[in-house]
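Commentary on secondary and tertiary structure
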Amino acid sequence: MNEHLLNQLNGEQLANPQISKLVTFLMEQWAREKDHEIKQQLLRSTVLRYADAESRLAEMNRIKNRFIGLVAHDLRNPLVSIRGLSELLLNDRSDPLSSQQRDFLTTIYSASNSMITLVNDILDMAVMEDGRLKLQVRKDSLSRLIRERVKVNTILARRKRIALDHHLSRIPNFPFDRNRISQVLDNLIGNAIKYSSDRSRISVSLSRRNGTAVVSVSDEGMGIASEDQAKLFSGLPGISNEPTGGEKSTGMGLTIARKIIEEHRGALSVESEVGFGSTFSFTLPLEVRQCRAT
Ligand SMILES: Nc1ncnc2c1ncn2[C@@H]1O[C@H](COP(=O)(O)OP(=O)(O)OP(=O)(O)O)[C@@H](O)[C@H]1O
Ligand SMILES: [Mg+2]
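The model shown is predicted, which means the values in this text are computed figures rather than measured ones. (Residues numbered from 1 in each chain as written. Chains lettered and ligands numbered in written order. Predicted model: local features only at pLDDT ≥ 70, side-chain atom pairs only at ≥ 80, totals over all residues. Heavy atoms only, no water.)

**A word on the overall build of the chain**
Rules: In this description a helix means any DSSP run of H or I spanning at least four residues, a strand means any run of E spanning at least two, and both kinds are numbered starting from the N terminus. For each residue, the accessible area found with a 1.4 Å probe, counting protein chains only, is set against the maximum for its type, and the residue is called buried under 20%, exposed over 50%, and partly exposed in between. We call two residues in contact whenever any of their non-hydrogen atoms come within 4.5 Å of each other. The Shrake-Rupley method, run with a 1.4 Å probe sphere, supplies the accessible areas, and residue values consider only the shown protein chains as cover.
Summing up its helical and strand segments, the chain has 8 helices and 7 strands in all. Seen along its three principal axes, the alpha-carbon backbone of the chain occupies a region of about 120 × 45 × 40 Å. Residues classed as buried in the chain amount to 33% of the 294 residues present. Long-range contacts, defined here as pairs at least 24 residues apart, represent 72% of the contacts in the chain between residues at least 6 apart. Surface exposure of the chain reaches about 19,100 Å², of which carbon and sulfur atoms provide 54%.

**Digging into the coordination of the magnesium ion (ligand 2)**
As a reminder of what qualifies: Sodium, potassium and calcium take a 3.2 Å donor cutoff, other metals 2.8 Å, and in both cases only N, O and S atoms count; water is not among them, so sites may look incomplete.
The magnesium ion (ligand 2) binds to the protein through Asn 187 (OD1) and Asn 191 (OD1), with metal-donor distances spanning 2.1 to 2.2 Å. Of this pair, Asn 187 and Asn 191 both sit in helix α6 (residues 178–194), 4 residues apart, which is roughly one turn of the helix. For Asn 187, a relative accessible area of 17% corresponds to the buried category.

**Concerning the domain arrangement of the chain**
By a frequent convention, interface size equals the accessible area lost on bringing the separate parts together. Short version of the rule: Each domain's limits were defined by an automated method or a database of domain assignments. In short, buried area is how much 1.4 Å probe accessible area vanishes from two parts on joining, totalled over both. Here, a salt bridge means any side-chain nitrogen of Lys or Arg that lies within 4 Å of a carboxyl oxygen of Asp or Glu. Polar contacts, as used here, are pairs of N or O atoms within 3.5 Å; protein pairs need one atom able to donate a hydrogen and one able to accept it. Residues neighboring in sequence count only if both atoms are side-chain atoms. Residue polarity is assigned by list, with Asp, Glu, Lys and Arg as charged and Ala, Val, Leu, Ile, Met, Phe, Trp, Tyr, Cys and Pro as nonpolar; anything else, Gly included, falls into the polar class.
Here the chain is described as being made up of domain 1 (1–132) and domain 2 (138–290). Averaged C-alpha coordinates put domain 1 and domain 2 at centres separated by 31 Å. Buried surface at the junction of domain 1 and domain 2, summed over both partners, amounts to about 780 Å²; 73% is from carbon and sulfur atoms. Together, Asp 121, Met 125 and Met 128 form the three largest contributors to the area buried by domain 1 at its contact with domain 2, with a combined 61%. Along the contact surface separating domain 1 from domain 2 lie 1 salt bridge. Counting every contact that joins domain 1 to domain 2 gives 3 residue pairs in polar contact (both at pLDDT 80 or more). Considering only residue class, the side of domain 1 that touches domain 2 consists of 4 nonpolar, 1 polar and 2 charged.

**Concerning the environment of Leu 75**
One can find Leu 75 in helix α3 (residues 17–91). For Leu 75, a relative accessible area of 43% gives the class partly exposed. Measuring from C-alpha to C-alpha, the distance between Leu 75 and Arg 201 comes to 38 Å, with 126 residues separating the pair along the chain.

**A short note on helix α8 (residues 253–263)**
For α8, every residue scored as buried is listed here: Leu 254, Thr 255, Ile 256, Ala 257, Ile 260, Ile 261 and Glu 263. One or two positions beyond α8, positive phi appears at Arg 265, with a value near 65 degrees.

**Considerations on unusual backbone geometry**
Its identity as a non-glycine residue notwithstanding, Arg 161 has a phi of 55 degrees, on the positive side. Take Arg 161: it is sitting in the loop between α5 (142–159) and β2 (163–168). Here the phi dihedral of Asn 210 falls at roughly 45 degrees; this positive angle occurs in a residue that is not glycine. Its place among the elements puts Asn 210 in the loop between β4 (201–209) and β5 (212–219).

**Thoughts on helix α4 (residues 99–129)**
Filter applied, for reference: Between the first and last residue of a helix there are one fewer steps than residues, each counted as 1.5 Å, and that sum is the expected span.
Under the 1.5 Å per step criterion, the end-to-end length of α4 is 45 Å for 31 residues, consistent within 8% with the ideal 45 Å. All of the buried residues along α4 are Leu 105, Ser 112, Ile 116, Val 119, Asp 121, Leu 123, Asp 124, Met 125, Ala 126 and Met 128. In the core, the buried residues of α4 are packed alongside α3, α6 and α8. Positioned one or two residues after α4, Gly 131 has a phi angle of 70 degrees, which is positive.

**Examining the site of ligand 1**
For clarity, the threshold we go by: Proximity criterion: a residue is near a molecule or strand once any of its heavy atoms comes within 4 Å of it.
Taken together, 19 residues surround ligand 1, and among them Asn 187, Asn 191, Ser 249, Thr 250 and Leu 254 come closest. Residue Asp 121 places a side-chain N or O atom 3.3 Å away from an oxygen atom belonging to ligand 1. Note that a nitrogen atom of ligand 1 is positioned 2.9 Å from one of the side-chain N or O atoms of Asn 241. Alone, ligand 1 offers 600 Å² of accessible surface; in the complex the protein occludes 93% of this. For the shell around ligand 1, the secondary structure elements donating two or more residues are α6, α8 and β7 (277–285). When residues in the shell around ligand 1 are grouped by element, the largest group, 3 residues, is from α6. Residues belonging to the shell around ligand 1 are distributed by class as follows: 7 nonpolar, 9 polar and 3 charged.

**Some thoughts on the packing of α4 against α8**
Any two packed helices are characterised by how steeply their axes cross, that is the angle between the axes, and by the distance between the axes. Keep this limit in mind: In this analysis an axis means a line fitted to C-alpha atoms, helices contributing only their contacting stretch, and an angle means the value between N-to-C directions, from 0 to 180 degrees. For classification purposes, angles smaller than 35 degrees are called roughly parallel, those larger than 145 roughly antiparallel, those between 65 and 115 roughly perpendicular, and all remaining angles oblique. In a left-handed crossing the near helix is turned counterclockwise from the far helix by less than a right angle, and in a right-handed crossing that turn is clockwise.
Closest axis-to-axis distance for the α4/α8 pair is 10 Å, and the angle between their directions is 45 degrees. Between α4 and α8, the angle falls in the class oblique. Considering how the two elements wind past one another, α4 and α8 form a crossing that is left-handed. Together, Asp 121, Asp 124, Met 125 and Met 128 of α4 and Thr 255, Ile 256, Lys 259 and Ile 260 of α8 make up the contact between the two elements. Here the contact of α4 with α8 is built from residues that sort into 4 nonpolar, 1 polar and 3 charged.

**Side note on the packing of aromatic side chains**
Aromatic ring pairs: the centre-centre distance and the angle between the two ring planes describe each pair. The condition is simple: Aromatic pairs are defined between Phe, Tyr and Trp rings, using the six-membered ring for Trp, whenever the two ring centres lie within 6.5 Å; interplanar angles under 30 degrees are classed as stacked, those over 60 as edge-to-face, and all others as tilted.
All chains considered together, the criterion is met by 1 aromatic pair. Both rings, one in Phe 174 and one in Phe 176, keep their centres 5.1 Å apart while their planes meet at 45 degrees; by these two values the pair is tilted. Across this residue pair, the class does not change: Phe 174 and Phe 176 are buried.

So this is what it looks like as structure tokens:
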């Protein structure tokens, strides 16, 4: 339109300073509009390409998770058989084993046990990344569950002469997924044992605060550097702490634990100082309607 207007003006009109000023203004305006239009087109095509790449990436991620889940699942069954059969042979009193056979079987048993733990972690990660974690929520006693997990983990703590105690306030039964919370407790208590030195203390506490149950696991272990604390729940490698008794470490436990707690609409956090120990705490809402599970 501006071009059309310009063509209609003769030399005399263009020599008029006021008309010339107006023409310059209109030309600049026109150039700005064109520029804006080109930028908008570019933006539109970039957004479309980005959305397409994102949906292809999400699809590839789903395929990867399905594949990992399938492989881990198919590995699990033979591993469970190997562990079960080696345990059976180790406990078979009717056919005594030579010390070498016992050694070999013990190695088979503990290697298959570690592999099952790893495969379970991989399966959990695949399920959670896909957003398929389904909680089995039932009204239950959290203090009873804590007492049970402390008792089971005492066997591990004793090997390092670690004192494992608990301080549990009375709270009413409330709905949560017993197996999943048991998994979280085992990881937090297990970590406290794994990353603490001999003859230290670990304490597990339960209290009630603002409509939530609060569970804390405190140790006097090596502590976690502040730059490492951000990586704890990412499942990525890079944390320098090593178990003090040569225990196994796959580095996925806390990532899975946080997802389980968040699925209950709670929160898992850490406070730690290098050389003084760590406290991992999680909250669980006491009200059923706050929970995401069906
Ligand atoms: N109580 C703790 N004290 C010191 N470091 C800890 C403690 N808990 C966890 N960490 C550090 O955080 C890392 C991640 O813990 P996480 O439980 O996810 O993995 P893991 O215990 O190594 O392996 P697993 O998958 O078997 O649980 C550990 O490898 C360790 O470096
Ligand atoms: Mg762990």
